[in-house]
Every structure is written in structure tokens, then in C-alpha cells.
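Topology and contacts: notes
Listed below, chain by chain, are the residues.
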Amino acid sequence: MKRTFDIPLSVLRLWFAALLMCVAAVSTVQPVLAQTASPAASADKVDQLIKLLDDPEIRALLNKQTAAPAAEADTSMSATEFSALGHRIRDHLRKIGEAIPQVSSEFMRAGGTIADDINGHGPLGVFGLFLTMVLIGLGAEWLFHRIASRSRMHAALAQTDGARQNPLHSAGRHLFAVLAPLVAFSLASLGLFMAMTWPPLLDAIMLPLLLGVIACRFVIRIARLVLIGPRTGKDVAATAGLVPIDRASAVFWYKRIFWFACVFFAGWALVGVMVALSIEPGVRATVGYALGLGMLLVAIETVWNRPAAIARPHGRGAMEWALTFYLCLLWGLWVAGLVIILWLGIYALILPGLLKATTAMARNAFGGTPDVPGSGNPVVEVLVERGARAIIITLAVLWLAFLINKRSSMFTGEAMTDRIIQGVLAGAIILLVADILWQIAKAVINRTLEHAQVSTADSAHAARNGRLLTLLPILRTMLAIVIALIAVMMVLSGLGVQVAPLIAGAGIFGVAIGFGSQTLVKDVISGVFYMMDDAFRVGEYIQSGSYKGTVESFSIRSVKLRHHRGPVFTVPFGTLGAIENMSRDWVIDKFTISVGYDTDINKVRKMVKGVGAALLEDEELGPLIIETLKMKGVEQFGDYGIDLSFAMMTKPGYQTTIRRRAYMMIREAFTQNGVVFASPTVQVAGGDSSSAAAAASTVKTAMDLKKLAESGEGA
């Protein structure tokens, strides 16, 4: 019997534990049960309990009883957390208020700690050592400047006066000159301090101070390089930074960044010193908030004195007050301990401007010369611009995730919550990568389209450009759809959504659409084959049945034709049928002219040959003629004259213009050489005047009918 109870006993323990949790959550008789403890259960009772737990109905009942309290707990989770958040804020503010009177005593205690642990040297001794290290670093920096001055002088003399310099190249040449002295300062000050042996407390105090000075100077130098430009021996006003703004605005923003960096890193270093001196966390937070008021004042002064506010026609107003209130609100959120909301507000304030400045820098550095079309590399420009934007956004998202992980109760270790957070972060990165790929593809396609729109005399190159103008817009649309679909699928997969059923459902939905709209499928497939056959291109004149005109644009299912009289036809590919393309390679234009029966045919041939030579010598029409005008011979003998046939080969689309010029020149040649065009005549026998009048009337009527017919054809 004992051997048969081993496995059920483990199951019994699990169910018994679940039962106790359920009873503790929903029962109010737990104290009574605790006071009236029952004696130890016998083996028979345990056996009966195990049999009851093995019953499926009992298990279902226990599952219902354990699920109901959990659901109730979930519904009240948000209210409980919100109340707990309010309590945390009040406790945090209470601790800050209690820490304010302790600031002076804590600093006095810290001064005593410094004197006790650093061989009797007080805060002044520590400050003297810090100042000594800074002076040593400045001396090393000055020495580096002296050594490198000769190379900078040679570089300045090598520059050509008046030549336009790429801002990125200029910044790259001066980047070493800007950062190398700072490296010398760091090695001389921080490196010398780290190389020597100091008391542990002094080491912990000096390290944040020196790091704060180095970081502050690094930010200031980078800001100067980006906004104002490097220091040169030439005119200071002629230098320019990477951001394309005017000199006054650049100096304004550089000064504000300078003061903001000084206040920020001074507070950061002071907090590090207070941590080393074991000052109470409340006092540290109070001092940090007080230094934050300095940053708040710098930010408010920047809002009210920024160039955009001063240059506004109506002056400062509601926008400045709203920004001031917003900045004060951010400081209040910081004091209240709502760090996550604080950083969301900071992102909303600075990220748009930072991304805009990044875009401006990339276009200014890689956009090429504005006066030279086609200069610059769009791929590099997009890579730098979108890559920098992606790095900024990724760092912002990672920092926010780090704060949420440390300060929020959202991360409870549950697999579902962690999966969602990881999916959101991965989704953001996937969307950024997809954006970079799409922007690169779009930049390359747009650059190719710009080159293809330039007219050229080479027929093969012109044909290639026409094909590019036809296919690349369609390819651009397809790439956008494909990249968007793949990115969305990857994001959904990262969030834990099963994309296989979505793909299968999309396939079934596509099949249903295919059966339900066969005309649409026919149009799309016909368009694909028209593109594969290169049947027509943008800018070509085609005719299909009753539709004819110049191809203006394409879509997935139709083509737009502009008739030569103005109307636009939108024709589905499925209804085009056979295409008559009138704009490929060459065109043979034929026409006939009637001359009298007494005309010398050879003389007319020579005159037309001269007309053809004159057309070839024409500066405007000559390059458009492949084979000049020639007389083919007698076409037929008409009722009133001889019909002569003429032909010429021209480039597509220009035959009408050349034929009209040829008509004018042929008429002038015929007039000068006495050649008469054939006209309807009637010969009357005898001297009857009434018969002659009737004949003249008949001739006049025939001439009027001919003119009417010609006017109808011309219209």
C-alpha cells in the first residue's frame, strides 16, 4: 500500500497548496480554522481525499474557485498600483522636505570625514589638489598646441582662398585638432592622478570631479565644432559648422549649450562626491534638485531669447509661456520622482529638434553643391542621415527601457510581459532598419529618374531613359509595399503574434479576390506582360483601337494616354489589346502631289532633291531627319493631273512638322520654276456662250467642293 501512495502523494501536496491559497484569498473563516486545529489525519482519510481529488468534477470545481479570485485581483490591479504610486510620490516629497534641514549638517559631517580620512586635509586641500591636476592638464594641452601649431599653419596655407569647402571635410580635418588637446589634458590630469597612490576616499572624490571636467569640455568642443566650426587663423566670421544656420543663431545656441553643460556636469560631479562621502540619499536628491533649478533657468532663458522668438513679427507671446510652463512641469516631475514620465516629456521636447538638426547636418555635408546638379551621393547621405536618426532613437528607446526596468513594476519577471517589452524594442529597431532600406531605395530610384529625365541626342540612351521612366515608378511602389509588409510581419512575430495564420488568411483572401474580380486580375497580369515586352514607355505616342495619345503615367492596372488635342484616357491594360507604337526608332512619312499633264517630271525630281538638301541643312529640322525628302515617282494618272509620290524618314513624332515645312518649300520651288499644280478643268467645244457659262459654273462648283473637303481633312 505504501508503494502505491508515493506518486499520488506529490499530486496531493500540489492540490492542497492550491486549495490553501484559494481559501486564504476568499474565505473569512481562516482564523476560526486556525484556532480549532483538527487532529492528524489517518491513512484512510488521506486515501479518501486523494480519490476525491482524482475525480474530474472535483478538479473542475477547484479550478473555477481558484480562477475567480485571480480575475478579481487582476481587475483591481490598476487601481492598487495607482494608489501605490500616489503613496510613493507623497513619501518621496516628505523625505525631500525632511532632508532640507539636514543639508548643512551633512556637509559639515562630510568635511569632518575628509579631514579624518585624508591625513588632516580638509575640503580646501582637496580643492587645491583638484585645481593642481586641472592646471597640469591645461599645461599639457598648451604644450600640445605649441607642438601642433606648425602643422596647422601648413594646412592653413595649403587651402585655396575663395574655394568652397565641404563642411564635413573641414570638420574632419579639424576633429583631431579639436579632440587631441582634450586627450592630452585627460592623460596629464586624470592619468597622472590614477598613476599615483591616494587614500581611498580622496580617490573616490577626485575621480568624479576630473571626469566631470573632461566630459564638460568634450561636449563644449563638439558643440563648437558642430555649430560654429573649428578655430582658424583666418576670419572667425567666415567659419561655418555642420548645421546650416546663420552665425548669430549658431553663437546663441553654442553659448546656451556651454552654460547648460557646465551646470549639468557640475551637478553630476557634486552628486558623485556626495556619494563618495556617504551623504544621505535625501540630501543628495535635494542638492541635485537645487542644481536642477540652474538648468531650468538656463532653459527658460533660452526659450525667451532664442532667435526664432525674437524674429517673430508679433514678438514673444503664448508659445514662450507654454514652453516655460512645460519646463517647470518637467522639473516638478523630476522632484516628484516620476522619472519615466520626465524622460518621455524630455523626448517630446528635444527629439524633434535633434532629429531635424541631424537631417540638416547630413544634407549639408553630403547633399553636394546646390549649383551643380547631380553632385553628392544620395546613398551616403541617406545612410548617414537615417543611420544617425536611427541611433538616436534606438538609444532613447533603450534608455527608457532601462528606466522602466529599474523603476517600474511593469517588469515582474513574467514571460508574457518580458516578451511584449522585448517585442516592442525589437519592433522599433526593425522599423528603423526598414526605414533606412526604404529611404536608400527611394533615393537611388529618384536619383536615377532625375538622370533619366535629362534629354539626350543618343537614341539608344534615350530609349533606355524612357524604359527607366516607365519601370522605376512601379518598382518604387512595389518596394514600398514589400518592405512595409515584411517589417509589419517581423514586428508582429516579435510581439508573439502567429503570422503564419495571417499569411494563410491573406492567401485565401487573395484567391477570393482573384475569383471575384477577374477583370482586375486580367488588368494587372496584362500590365506585367506589357512591361516585360517593352510595348510602350512614358512619353511615347501609341494607339489601341479607338484610344490614342502620349503615355503619361502608369498604375498597377491602367495607363494614362494624353490625346494630342488634350483629353486624357485612362485605359485598363486588359482592354488595350494590340498596341500601335508610333514613337519607336523611325517613321516613314509619305504624301502625294498632283501636277499638270504638261509638267516635266525630271525637272520636278531635281527640284524636290534640292528641297531635301535644304531640309538637311536646316539647323532645327536637320538633326531630326534620317533620310531626307525624295520623289519616288509617278503614283497614278488622275482625272486632272499626274499624282507624284514623295517619302522621307524622320525621328518619331517630328514627321508632321517636317512635312509642313516641306510643303511650303515645294510650293515656293514650283512657283519659281513655273510648275503648276493640277486643278479640275473642263474643256468646252464650240462657241456657244451658254455652254461656256455652264462649264465655268461646273468648274467653280467642283473647286468649292474640293476646298471644302480639304478644309474638313485639315480640321
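The text that follows walks through the structure, step by step, so that each part is easy to find. In this convention, every chain numbers its residues from 1, walking through the sequence in written order. Local features in this predicted model are restricted to residues of pLDDT 70 or higher, and side-chain atom pairs are both shown and tallied only at a pLDDT of 80 or more, whereas totals for entire chains, interfaces and linings draw on every residue. Computation of side-chain values covers all heavy atoms of the structure but excludes hydrogens and water.

**Thoughts on the overall build of the protein**
In this description a helix means any DSSP run of H or I spanning at least four residues, a strand means any run of E spanning at least two, and both kinds are numbered starting from the N terminus. A tally of helices and strands in the protein yields 22 helices and eight strands. Burial status follows relative accessibility: with a 1.4 Å probe on protein chains alone, a residue under 20% of its type maximum counts as buried, one over 50% as exposed, and anything between as partly exposed. Among the 715 residues that make up the protein, the fraction classed as buried is 30%. Contacts are assigned to residue pairs that have any heavy atoms within 4.5 Å of one another. Of the contacts formed within the protein by residues at least 6 apart in sequence, a portion of 65% connects residues at least 24 apart. About 44100 Å² of surface is accessible on the protein, with carbon and sulfur atoms providing 65% of the total. Under the convention used here, a 1.4 Å probe and the Shrake-Rupley method define accessible areas, while residue burial counts only the protein chains that appear.

**Overview of empty space enclosed by the protein**
A cavity, in this analysis, means grid points on a 1 Å lattice covering only the protein atoms where a 1.4 Å probe fits yet has no way out; a pocket is instead an open set bounded by protein on both sides within 12 Å along at least five of seven lines, and a residue lines either one if it has an atom within 4 Å of a point. Grid points are joined across faces, edges and corners, and a volume is the space filled by probe spheres set on the points. Counted under the stated rule, the structure contains one cavity of 30 Å³ or more. Considered as a void within the structure, the largest cavity measures approximately 30 Å³ in volume. Thr 394, Val 397, Leu 398, Leu 425, Ala 428 and Ile 429 together form the lining of the largest cavity. Classifying every residue of the lining of the largest cavity gives five nonpolar, one polar and no charged. Residues are grouped as follows: nonpolar covers Ala, Val, Leu, Ile, Met, Phe, Trp, Tyr, Cys and Pro; charged covers Asp, Glu, Lys and Arg; every other residue, Gly included, is treated as polar.

**With respect to the packing of aromatic side chains**
Here a Phe, Tyr or Trp ring, Trp counted by its six-membered ring, pairs with any other such ring whose centre lies within 6.5 Å, and the pair is stacked when the planes are under 30 degrees apart, edge-to-face when over 60, and tilted otherwise. In this structure the tally under the stated criterion is 15 aromatic pairs. Ring pairing ties together the aromatic residues Trp 343, Tyr 347 and Trp 399, which thus form one cluster. Both a distance and an angle decide whether a charge sits over a ring: NZ of Lys or CZ of Arg must be within 6 Å of the ring centre and within 35 degrees of the ring normal. It is Arg 217 that lies over the ring of Phe 185; its NZ or CZ is 4.9 Å from the centre. The side chain of Arg 224 reaches across the aromatic face of Tyr 254, ending 5.8 Å from its centre.

**Let's talk about unusual backbone geometry**
Although it is not a glycine, Ser 278 sits at a positive phi angle of roughly 60°. Classification of Ser 278 by relative accessible area gives exposed; the value is 52%.

**Comments concerning the side chain of Thr 599**
Among the secondary structure elements, Thr 599 is positioned in the loop between strand S6 (587-595) and helix H20 (601-617). The exposure class assigned to Thr 599 is buried, which follows from its relative accessible area of 14%. A polar contact is formed between the side chain of Thr 599 and the backbone oxygen of Gly 596, at a distance of 2.9 Å. Look past the residues within four positions of Thr 599 in its chain and what remains in contact with it is Val 604, Val 675 and Val 676. Think of a polar contact as two N or O atoms within 3.5 Å of one another; within protein, one of them needs to be a possible hydrogen donor and the other a possible acceptor, and neighboring residues in sequence only count if both atoms come from side chains.

**Let's talk about the pairing of strand S2 (residues 547-554)**
When DSSP finds at least two bridges between two strands, those strands are taken to pair. Judged from the four bridges that link them, strand S1 (residues 541-544) and S2 form a sheet pairing that is antiparallel. If you follow Tyr 541 over to S2, its bridge partner there is Thr 550. Between the end of S1 and the start of S2, which pair antiparallel, lie two residues, with Gly 545 showing a positive phi angle near 65°. Of the strand pairs in this sheet, S2 and strand S3 (residues 558-562) are connected by four bridges, and their pairing is antiparallel. From the neighbouring strand, Ser 553 faces S3, where its bridge partner is Lys 560. What sits between S2 and S3 in their antiparallel hairpin is a turn of three residues.

**Considerations on the pairing of S6**
Put simply, side chains in a regular strand alternate between the two faces of the sheet. Covered by surrounding structure in S6 are Val 587, Asp 589, Phe 591, Ile 593 and Val 595 only, the residues Ile 588, Lys 590, Thr 592 and Ser 594 on the alternate face being uncovered. In the sheet, S6 pairs with strand S8 (residues 642-650) via nine bridges, with the strands oriented antiparallel. Looking at S8, one finds that Thr 592 is bridged to Ser 645.

**Looking at helix H10 (residues 247-276)**
Here the expected span of a helix is defined as 1.5 Å times the quantity of residues minus one. Along its 30 residues, H10 runs 43 Å from first to last C-alpha, staying within 8% of the 44 Å computed at 1.5 Å per residue. Within H10, the full set of buried residues consists of Ser 249, Ala 250, Phe 252, Tyr 254, Arg 256, Ala 261, Phe 265, Gly 267, Ala 269, Val 273 and Met 274. Packing partners of the buried residues in H10 comprise helix H6 (103-117), helix H9 (200-227), helix H11 (281-305) and helix H12 (307-311). The N-cap of H10, judged by a side-chain oxygen 3.4 Å from the amide nitrogen of Ala 248 a few residues on, is Asp 246.

**Focus on the packing of H9 against H10**
Between H9 and H10, whose axes approach to 9 Å, the crossing angle comes to 170°. Taken as axis vectors, H9 and H10 run roughly antiparallel relative to one another. You can see that H9 and H10 cross each other, and the crossing is right-handed. A class-by-class count of the residues in the contact of H9 with H10 yields 24 nonpolar, two polar and one charged. Note on method: axes are straight lines fitted to C-alpha atoms, helices fitted across the in-contact stretch only, with angles between N-to-C directions ranging 0 to 180 degrees. Small angles under 35 degrees read as roughly parallel and large ones over 145 as roughly antiparallel, with 65 to 115 read as roughly perpendicular and the rest as oblique. Note: crossing handedness is left-handed where the near helix turns anticlockwise from the far helix by less than a right angle, and right-handed where it turns clockwise.

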